[in-house]
Amino acid sequence: MTRSELITALAADHPHLTLADVERIVSALFDEMTASLARGDRVELRGFGAFSVKRRQARAGRNPRTGETVDVTEKTVPFFRAGRELREMINAGMAVAEVAASEAPKRKGIKR
Amino acid sequence: MGTLTRAGLAESIYAAVGLSRNESAALLESVLDRMKTALAEGDSIKISGFGTFSVRQKGRRIGRNPKTGDEVPILPRRVLIFRASQILREAVDHGVPDGAVRS
């Protein structure tokens, strides 16, 4: 699904809105999320997931082609973690017992 | 440092097209529902300027209970991957002022 397919689907869900309005809405949403993350803020959408930013320390990298060592400077990167409801929806197609079993070992110590 | 939640996003819909607060909140939910349904069907979502959400199938592997050291099978499952677009990465790395980001 692309941005324009999402817009078309939403326009069909909301026939009282014009396609241009739906486009403006979708742009406003992703622009707002981008602006928040650029400020260093989190975006938390319960049931869907959470976006945050993480700092990556400077490190000595390597050019994989030449093997040369290059300095990689410190940087801040966007990060997304899916919410519980969405994770469950994604796995719903799989056998219930399987999902329960694969979920069980990670009750504690959620990886961050 | 704040956190952007549904309230803030509904507010931005209100600001963009002037829908009522209630309608804005309902519309936001409808956007998230459409995205969730697509992902649940295994579809990926490509939002140009923002990033791509995709579902990856993970195979069965042997995990270990870190406390007891017991081997536990980790069954096949699907995980959601988000890859931020170059534009989002740059905005986050350089800190772009409000309103300067247009996608």
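Residues numbered from 1 in each chain as written. Chains lettered and ligands numbered in written order. Predicted model: local features only at pLDDT ≥ 70, side-chain atom pairs only at ≥ 80, totals over all residues. Heavy atoms only, no water.

A. Layout of the packing of aromatic side chains. Using the criterion set out here, one finds 11 aromatic pairs over all chains in the structure. Ring centres of Phe 51 of chain A and Phe 80 of chain A lie 4.6 Å apart, and the angle between their planes is 40 degrees; this geometry places the pair in the tilted category. One end of the pair, Phe 51 of chain A, is in strand S2 (residues 49-56); the other, Phe 80 of chain A, is in strand S5 (residues 75-82), and 29 residues separate them in sequence. Like Phe 80 of chain A, Phe 51 of chain A is buried. Here Phe 51 of chain A and Phe 82 of chain B contribute two aromatic rings whose centre-to-centre distance is 5.3 Å and whose plane-to-plane angle is 85 degrees, an arrangement assigned as edge-to-face. A residue pair is termed interchain when its members come from two chains, as with Phe 51 of chain A in strand S2 and Phe 82 of chain B in strand S6 (residues 77-84). The two residues Phe 51 of chain A and Phe 82 of chain B agree in class, both being buried. Aromatic ring contacts, followed pair by pair, group Phe 30, Phe 48, Phe 51 and Phe 80 of chain A together with Phe 50, Phe 53 and Phe 82 of chain B into a single cluster. Here the basic side chain of Lys 54 of chain A rests over the ring of Phe 79 of chain A, its NZ or CZ set 3.9 Å away from the ring centre. In this structure, Arg 21 of chain B packs its charged tip against the face of Tyr 14 of chain B, placed 4.0 Å from the ring centre. (Phe/Tyr/Trp six-rings, centres within 6.5 Å; stacked < 30°, edge-to-face > 60°. Helix = DSSP H or I, 4+ residues; strand = E, 2+ residues; numbered from the N terminus. Buried < 20%, exposed > 50% of the residue type's maximum accessible area, 1.4 Å probe, protein only. Lys NZ or Arg CZ within 6 Å of the ring centre and 35° of its normal.)

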